[in-house]
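A structural walkthrough
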Amino acid sequence: MGKEELLKLIPAVNDILSENKSEKIKNDYSRADLLEGIRYVTDNLRTKILADDFSETNFDQESLKAEKILDSVKIYLKNIYRPEMSPAINATGVVIHTNLGRSLLADSAAEAVNNVALHYSTLEINRDTGERGDRYSSVQDIIKKLTGAEASLVVNNNAAAVTLVLAAIAEDKEVVISRGELVEIGGSFRVPEVMEQSGARLVEVGSTNKVYLKDYLNAVTEETGAFLKVHTSNYRIQGFTATVEAEDLVNDAHQRDIPVIEDLGSGIIFDLQSYGLPYEPTVKESIDAGIDLVTFSGDKLLGGPQAGIIVGKKKYIKKLEHHPLLRALRVDKFTLAALEATLKLYRNFDDAVDKIPTLKMLTESAEKVMQRAEKLFSYLDEYDNFTLKIEKDTARIGGGSYPLTEIKTYVLTIDSELISSEELAYKLRQAEMPIFSRIKNQKLIIDLKTVQPAEIKLLAAEINQVLREEV
Ligand SMILES: *Cc1c(COP(=O)(O)O)cnc(C)c1O
């Protein structure tokens, strides 16, 4: 059958509308939606038939039937009403996965977001006077308590925090930084580029692996606006290295009236070594060392919403508060609600570790993960063409935090001769609640480290559905 004849087989809109199946769709969608869907599907069929590489033998003539067209219309309409940004199951084993939304909120933080979404709030109003209040006051006391800093400010993310700090403290001035700390994070945050944007001029000192106090001091001129330290959170320089202790740098800087700024990246509130993680500097240590302004992320190791938290000396925070950039970088009520609730969990460290999902995942034992793996396994059917196994593996922290740390985990591996792991991974991503996995040695890996207990049943059902289709 030629192209012309096939085109003529595409039913008229009215004929499609008179099919029984269209009544059902009309119950769920408007007439306008139905017509849009029919137009979309029939246009696609036309395009397919008219395409240069059209092959009659591969073309399914059945797809031209009104009934089949309506099936496609149903899928089309379902998809346009389905949110593009959908909740997902993170089975990659990367805990702080930036592309999957970084940190999950604690229940109390999610509830706080929900509350300010559905009600008006005291975002920026003073209860006592009824007059306009301060946007940041809800989190300032708790940040002070947890970090020991005199003052604080919150902006949209840590990149914004660094930009604001440099713009307010060192615009048109020189900022001295060690060559070993010119980091790039995730491709979109490069210290040199951020400095340029802020109007500060970069002065690099030392070498990649070594920097001494005298390097900083020799670089001081009339133009020096600040010393900047950047925590090399996503890599480590090992071997012959030398860095300058914060206290020493602060001492000499302050003698010369130069402020010291530190970008801590992840920013942990308390030492996690007793929970089995390697040493990572806490925000309080930087404040205690006398650093004037410290910046860190809200949604990395802190486990809260996306935010950039700035802590330090009152006189510098005041400068930031009066900088015009702050208005452009300011956080909304959802961020502040979630951040306050998250920070309040830190009043008790055991609470924080138990209730903040990021910390819980990082500190829980491998046995706990194994239990989740076994539970998942128990819900899975048996398949002739797939080998399903529970194995030991290593998960990663991600988010540029603890770059060399591997954490013990248990995974489900799926192996098949029938279908490649890439194809299988693709199909799992198309599930109702998309599943993101990883591939290792050609096997598909479902890492239970990052799968939440409440997701296991659904995860099993979706895996079963995909595997069943392949049998
Ligand atoms: C992650 C990171 C940033 C960027 O923080 P965002 O909150 O993603 O904007 C900046 N500096 C360091 C050292 C980081 O690790």
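Since we're looking at a predicted model, the values are computed, not measured.

Parameters and conventions
- Residues numbered from 1 in each chain as written.
- Predicted model: local features only at pLDDT ≥ 70, side-chain atom pairs only at ≥ 80, totals over all residues.
- Heavy atoms only, no water.
- Helix = DSSP H or I, 4+ residues; strand = E, 2+ residues; numbered from the N terminus.
- Buried < 20%, exposed > 50% of the residue type's maximum accessible area, 1.4 Å probe, protein only.
- Contact = heavy atoms within 4.5 Å.
- Areas by Shrake-Rupley, 256 points an atom, 1.4 Å probe, with all protein chains shown as cover.
- Lys, Arg positive; Asp, Glu negative; His and termini not counted.
- Charge placed at Lys NZ, Arg CZ, Asp CG, Glu CD.
- Near = heavy atom within 4 Å.
- Polar contact = N/O pair within 3.5 Å; in protein donor to acceptor, adjacent residues only side chain to side chain.
- Nonpolar A, V, L, I, M, F, W, Y, C, P; charged D, E, K, R; others polar.
- Expected span 1.5 Å × (residues − 1).
- Arc of directions from axis to C-beta.
- Salt bridge = Lys/Arg side-chain N within 4 Å of Asp/Glu carboxyl O.
- Pairing = 2+ DSSP bridges.
- Axes fitted to C-alpha atoms, helices over the stretch in contact; angles between N-to-C directions.
- Right-handed = clockwise from strand over helix to strand, strands pointing away.
- UniProt positions renumbered as here; feature names shortened; annotations may be inferred.
- Parallel < 35°, antiparallel > 145°, perpendicular 65-115°, else oblique.
- Left-handed = near helix turned anticlockwise from the far one by under 90°.
- Phe/Tyr/Trp six-rings, centres within 6.5 Å; stacked < 30°, edge-to-face > 60°.

**Here's the deal with the overall build of the chain**
A tally of helices and strands in the chain yields 20 helices and 16 strands. By principal-axis analysis of the C-alpha atoms, the chain measures approximately 90 × 55 × 50 Å. Looking at the chain residue by residue over its 471 residues, the buried ones come to 49%. Taking the contacts inside the chain whose residues are at least 6 apart along the sequence as the reference set, 75% of them involve residues at least 24 apart. Total accessible area on the chain is roughly 24,500 Å²; 46% of this is exposed by carbon and sulfur atoms. Put simply, the chain has 58 plus and 74 minus side-chain charges, and the middle of one group is 3 Å from the middle of the other.

**Description of the site of the ligand**
In the region of the ligand, the neighbouring residues are R102, N157, N158, A159, I185, F189, H231, S233, D263, G265, S297 and K300. For the ligand, an oxygen atom lies 2.9 Å from a polar atom in the backbone of A159. In the model, an oxygen atom of the ligand is placed 2.8 Å from a nitrogen or oxygen of the K300 side chain. Protein burial of the ligand: of its 390 Å² of free accessible surface, 94% is covered by the chains. Within the residue set of the shell around the ligand, elements represented by two or more residues are α8 (158–170) and β9 (260–265). Per-class residue counts for the shell around the ligand are 3 nonpolar, 6 polar and 3 charged.

**Some details on helix α6 (residues 107–118)**
Taking 1.5 Å per residue, 12 residues should reach 16 Å; α6 reaches 17 Å between its end C-alpha atoms and fits that length. Those residues of α6 not exposed but buried are A109, A112 and V116. The arc enclosing the buried residues of α6, seen along the axis, measures out at 55 degrees, which places them on a common side. For α6, the exposed residues set more than 90 degrees away from the buried face come down to D107, E111 and L118. Next to the buried residues of α6 lie α15 (333–345).

**Things to note about the pattern of salt bridges**
If you walk through the whole model with that rule in mind, you get 27 salt bridges. As a salt-bridge pair, R201 and E223 come within 2.8 Å of each other at their nearest N and O atoms. Here the residue R201 occupies a position in strand β7 (residues 201–205), and E223 occupies one in the loop between α10 (213–218) and β8 (224–230), the gap between them amounting to 22 residues. Each of the salt bridges in this network shares a partner with another, and the network as a whole consists of D393, R438, K440 and D447.

**Brief notes about the sheet that holds strand β15 (residues 438–440)**
Within a sheet, adjacent strands bond to each other through the backbone by hydrogen bonds, running parallel or antiparallel. Sheet architecture is open: 5 strands sit in the order β2-β12-β13-β16-β15, paired in mixed fashion. Here the strands that pair on one side only, and so sit at the sheet edges, are β2 (94–96) and β15. Between one strand and the next, the sheet's axes are offset by a mean angle of 40 degrees, whatever the strand orientation. The sheet contact formed by strand β12 (residues 386–398) and strand β13 (residues 406–416) spans 11 bridges and is antiparallel. When the sheet's bridge partners are listed, T387 is paired in β13 with D415.

**Thoughts on the sheet that holds strand β10 (residues 293–297)**
Strand order in the open sheet formed by 7 strands is β3-β11-β10-β9-β8-β4-β7, and the pairing between neighbours is mixed. Both edges of this open sheet fall to β3 (151–155) and β7, since each of them pairs with a single strand only. Pairwise comparison of adjacent strand axes, ignoring direction, gives a mean angle of 25 degrees for this sheet. Inspection of the sheet shows β3 paired to strand β11 (residues 308–312) by 5 bridges, in the antiparallel sense. Each residue of the ladder has a partner; that of S152, found in β11, is V311. The strands touched by helix α7 (residues 137–147) are β3 and β11; relative to β3, the strand with the most contacts, the crossing angle is about 120 degrees.

**Examining the pairing of β8**
Among the 7 residues that make up β8, 7 are buried, leaving the element largely enclosed by the rest of the structure. As paired elements, strand β4 (residues 174–178) and β8 share 4 bridges and run parallel to each other. Counterpart to V176 in the pairing with β8 is F227. As defined by bridge partners, β8 adjoins β9 across 4 bridges and the pair is classed as parallel. Looking at β9, one finds that F227 is bridged to V260. With helix α11 (residues 246–255) bridging β8 and the parallel β9, this β-α-β connection has right-handed handedness.

**A short note on the UniProt feature "modified residue: N6-(pyridoxal phosphate)lysine" (unreviewed entry) in the chain**
Summarizing the sequence annotation, UniProt attributes the feature "modified residue: N6-(pyridoxal phosphate)lysine" (unreviewed entry) to K300 in the numbering used throughout. Tracing the chain through its elements places K300 in the loop between β10 and β11. If we skip the residues at most four places from it in the chain, K300 touches I96, R102, S103, I185, G265, S266, T358, G399 and S401.

**Brief notes about the packing of helix α3 (residues 20–28) against helix α5 (residues 66–81)**
At a minimum axis separation of 9 Å, α3 and α5 run at an interaxial angle of 15 degrees. For the element pair α3 / α5, the angle class is roughly parallel. Between α3 and α5 the crossing geometry is left-handed. Contact with α3, carried on its side by K21, S22 and I25, involves E67, L70, D71, V73, K74 and L77 of α5 and no other residues of that element.

**As for α11**
Three or four residues apart is the spacing at which side chains of an α-helix point the same way, because the helix has 3.6 residues per turn. Among the residues making up α11, those that are buried are A246, L249, V250, D252 and A253. Where α11 is buried, its residues meet α10, β8 and β9.

**A few points about unusual backbone geometry**
Phi is positive for D257, which is not a glycine, with a value near 65 degrees. By the element assignment, D257 lies in the loop between α11 and β9. Residue class for D257 comes out exposed when judged on its relative accessible area of 70%.

**Comments concerning the packing of aromatic side chains**
Tallied over the entire structure, the rule returns 8 aromatic pairs. With centroids separated by 5.7 Å and ring planes inclined at 35 degrees, the aromatic side chains of Y29 and Y81 adopt a geometry described as tilted. Of this pair, Y29 sits in the loop between α3 and α4 (31–50) while Y81 sits in helix α5, and the two are 52 residues apart along the sequence. Ring centres 6.3 Å apart and planes at 65 degrees place the aromatic pair F270 and Y275 in the edge-to-face group. Through a chain of ring-to-ring contacts, the aromatic side chains of F270, Y275, Y346 and F349 assemble into a single cluster.

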